[in-house]
Amino acid sequence: MRELLARVKAMLRRAQLLREESAHAGADAPHRRLTFGNLIIDVTRREAALDGRPLRLNPKEYELLLFLAEHKGRLLTREFVLERVWGWDFVGESRTVDVHIRWLRQKLEKDPGNPVRIVTVRGGGYRFEG
C-alpha cells in the first residue's frame, strides 16, 4: 500500500509539473531561448550552441542541461535531478546523474577538471552557474 501511495503521489507531482510547464510555455513568446554568455539553449528547437557552434547533445544530456539552466543558481541534489529528468520510475543508480554531468562538462567547460558552469557542491549536489 505504501508503494502504491508513493507511486500515485509521484504521478500527481509529474502531472502538476507538466501543467506548469505547458502553462509557462503558453505564456512565452513563440521562440524561447536561454542565454548564458556564449552558451545559448534554444528551447523551441531543442538545441544548444556554445560560441556559435551547435553542441552535439544526446536527448538526456539536453534535458539535463535545460533543467539545470532553468534552475540557475539553485543547489540541486542528485536525487532531485534524477527524479525530475529521468522520472520517478527510473531503475538505476543516482551516479547516472554524475556521469551525465561529466559528459556535459566535457562539452561545455574549457577545463572540465575545474568547472565554472556546472559546479559540484560537496555533500549537496550540483549548481548551474551559467
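All values reported here derive from a predicted model rather than from experimental measurement.

Novice: Sorry if this is basic, but what is going on with the pattern of salt bridges here?
Specialist: Side-chain pairing between opposite charges can occur once the charged atoms of the two side chains come close. One pass over the structure, following the stated rule, counts twelve salt bridges. Between R7 and E3 there is a salt bridge; the shortest N-O distance is 2.9 Å. Placement of both R7 and E3 in helix α1 (residues 2-27) is noted, with a separation of four residues, approximately one turn of the helix. Look at E3 and you get exposed, because its relative accessible area is 52%. One salt bridge connects R53 with D51, and the closest N-O pair in it is separated by 3.8 Å.

Novice: Help me out: how do you make sense of empty space enclosed by the protein in this one?
Specialist: Vacant regions in the atomic arrangement are exposed by a probe of water-molecule size rolled over the atoms. A complete count under the given rule lists one cavity of 30 Å³ or more for this structure. Taken as a whole, the largest cavity spans an internal volume of roughly 50 Å³. Contributions of two or more residues to the lining of the largest cavity are made by α1 and α3 (78-86). At four residues, α1 tops the list of elements feeding residues into the lining of the largest cavity.

Novice: For this particular structure, what's the right way to read the packing of α3 against helix α4 (residues 95-108)?
Specialist: A pair of packed helices is characterised by two quantities: the angle between their axes and the separation of those axes. It is the contact of α3 with α4, at a shortest axis distance of 9 Å, that shows an interaxial angle of 80°. Taken together, the axes of α3 and α4 lie roughly perpendicular to each other. Taking contact as the criterion, the partners of R78, V81, L82 and W86 in α3 are, on α4, R95, T96, V97, D98 and H100. Its residues assigned to classes, the contact of α3 with α4 comprises four nonpolar, two polar and three charged.

Novice: I keep staring at the sheet that holds strand β2 (residues 39-42) and nothing clicks. Help me out?
Specialist: Here four strands make up an open sheet; going across it, the order is β1-β2-β3-β4 and the pairing antiparallel. Each edge of the open sheet carries a strand with a single partner, namely β1 (33-36) and β4 (53-54). Across two bridges, strand β3 (residues 47-50) lies against β4 in antiparallel orientation. Counterpart to A49 in the pairing with β4 is P54. Packed on one face of the sheet, helix α2 (residues 59-70) meets β1, β2 and β3 and runs near 110° to β2.

Novice: Please clarify how the layout of surface pockets should be interpreted in this entry.
Specialist: The volume enclosed by the second largest pocket comes to roughly 260 Å³. Breaking the lining of the second largest pocket down by element, the ones donating at least two residues are β2, β3, β4 and α2. Along the lines of polarity and charge, the residues of the lining of the second largest pocket split into eight nonpolar, two polar and six charged.

Novice: Quick question: what am I supposed to make of the packing of aromatic side chains here?
Specialist: Each pair of aromatic rings is reported with the distance of its centres and the angle of its planes. Applying the stated criterion to the full structure yields two aromatic pairs. Centroid distance F36 to F128: 5.1 Å. Interplanar angle 80°. Geometry classified as edge-to-face. Highlighted residues: F36 in strand β1 and F128 in strand β6 (residues 125-128), separated in sequence by 92 residues. Summarising the burial analysis for this pair, F36 and F128 share the class buried. Consider the rings of F67 and F80, whose centres lie 5.8 Å apart with planes at 45°: the pair is tilted. Of this pair, F67 sits in helix α2 while F80 sits in helix α3; the two residues are 13 residues apart in sequence, bridging distant segments of the chain.

Rules and cut-offs
- Residues numbered from 1 in each chain as written.
- Predicted model: local features only at pLDDT ≥ 70, side-chain atom pairs only at ≥ 80, totals over all residues.
- Heavy atoms only, no water.
- Salt bridge = Lys/Arg side-chain N within 4 Å of Asp/Glu carboxyl O.
- Helix = DSSP H or I, 4+ residues; strand = E, 2+ residues; numbered from the N terminus.
- Buried < 20%, exposed > 50% of the residue type's maximum accessible area, 1.4 Å probe, protein only.
- 1 Å grid on protein atoms, 1.4 Å probe; cavity = no way out; pocket = protein on both sides within 12 Å on 5 of 7 lines; lining within 4 Å.
- Points joined across faces, edges and corners; volume = space filled by probe spheres on them.
- Axes fitted to C-alpha atoms, helices over the stretch in contact; angles between N-to-C directions.
- Parallel < 35°, antiparallel > 145°, perpendicular 65-115°, else oblique.
- Contact = heavy atoms within 4.5 Å.
- Nonpolar A, V, L, I, M, F, W, Y, C, P; charged D, E, K, R; others polar.
- Pairing = 2+ DSSP bridges.
- Phe/Tyr/Trp six-rings, centres within 6.5 Å; stacked < 30°, edge-to-face > 60°.

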